[in-house]
Amino acid sequence: MKILLTGGAGYVGSACLRWLLNSGHDPYAFDDLSEGNRDSVPADRLIEGDIQDREALEKAMRDTGAEAVMNFAALASVPDSIRLPELYWRINVFGTKNILDAMMATGVKRILFSSTAATYSFDNEMPLTEEAALVPKVPYGTTKLACEKMIQEYSNAYGLSYAILRYFNAAGADPDGEFGEDRHHETHLIPLILQAAVGKRDKITIFGNDWETRDGTCVRDYVHTSDLAQAHQLAVENMKPGEGEIFNCGSGDGVTVQEVLQACENAVGRTIPSEICGRRPGDPAILIASSQKIKDQLGWEPQFPKIEDIVGSAWRWHERYPHGYKDKETVHSQDT
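In this report, we go over the structure that sits alongside the text. (Residues numbered from 1 in each chain as written. Predicted model: local features only at pLDDT ≥ 70, side-chain atom pairs only at ≥ 80, totals over all residues. Heavy atoms only, no water.)

### Some details on the layout of surface pockets
Empty space among the atoms can be located by rolling a probe the size of a water molecule over them.
Logical step 1: Each pocket or cavity is described by its volume, and for the second largest pocket that value is around 320 Å³.
Logical step 2: The leading source of residues in the lining of the second largest pocket is helix α11 (residues 325-335), at three residues.
Logical step 3: Tallied by class, residues from the lining of the second largest pocket come to two nonpolar, six polar and nine charged. (1 Å grid on protein atoms, 1.4 Å probe; cavity = no way out; pocket = protein on both sides within 12 Å on 5 of 7 lines; lining within 4 Å. Points joined across faces, edges and corners; volume = space filled by probe spheres on them. Helix = DSSP H or I, 4+ residues; strand = E, 2+ residues; numbered from the N terminus. Nonpolar A, V, L, I, M, F, W, Y, C, P; charged D, E, K, R; others polar.)

### Describing the packing of aromatic side chains
Logical step 1: Applying the stated criterion across every chain, the model contains three aromatic pairs.
Logical step 2: An angle of 50° between the planes, with centres 5.1 Å apart, marks the rings of W317 and Y321 as tilted. For the pair W317 and Y321, a shared accessibility class is recorded, and that class is buried.
Logical step 3: A centroid spacing of 5.0 Å and a plane angle of 50° characterise the contact between W317 and Y325, whose relative ring orientation is tilted.
Logical step 4: Judged by its relative accessible area of 3%, Y325 is buried.
Logical step 5: An aromatic cluster is defined as three or more aromatic residues linked by ring pairs; in this entry it consists of W317, Y321 and Y325.
Logical step 6: A cation sits over an aromatic face here: R45 above Y28, 4.6 Å from the ring centre. (Phe/Tyr/Trp six-rings, centres within 6.5 Å; stacked < 30°, edge-to-face > 60°. Buried < 20%, exposed > 50% of the residue type's maximum accessible area, 1.4 Å probe, protein only. Lys NZ or Arg CZ within 6 Å of the ring centre and 35° of its normal.)

As structure tokens, this is what we get:
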């Protein structure tokens, strides 16, 4: 299948592109490289462009003969969304509208949307199912939920097929250690800890140790990017004409921040400096997924369900390329 991945040079998008390519599909990344990395995808698979440019989107869909779109292009920092809601609405919501309108103009009938657990009410009982109440507490979650509703309304009116995947905490790196997480402004826990391990930062900050959890630190559900990529493949291959589904993607196993830190220290083989600060606005105490629906309907089965395996893959990437894709460029230039 010919698939255009908007935001396809980003962390999750590029993992999905590589997975799809290895699975016999014909994927292309459409990315402005504001957060994505050029070297995360093959050069002949990258189309530089901005989702705010509808004409560029239409051209990319026509040039690639796209039969489906996977939309990963979004801003995804909870604290930044609180500070900059206008930016999040413009990029996440209006960018998604441009993608949908470009699909309408070019006859593309399938879309897979990268959503988030932040669409749920954090007052729901854990683990969260797809039927749990949707009451986002931060602009990031609100904009993602708005995109979900827009996709559903386009589907009802224009016959689009869709799948919406609500991620929990995407983590890890390709098992061979060649591709991993490298953002210009990192906010995710595991890479922040491993950056402290390689000396890129002095320490890791833990936001609160007085939560009502087993060790006082927040509990989160981590899912490996290879497992997410498998979920995307299954979802796009099993879309029904004019219909849509929503799936959670998580491990179903909650891990505390302190336990993640311990797993990283075990992988690295030494203590990693850390400090406790106050709670961060917008954080829930516990966030765990039920992914039973995608397992039952699509046969999805995570291959990296344990935090030790996720952290281990991430450490192989950070240890080999402590400065991310800049180091990768240096290594490859020396090889040639």
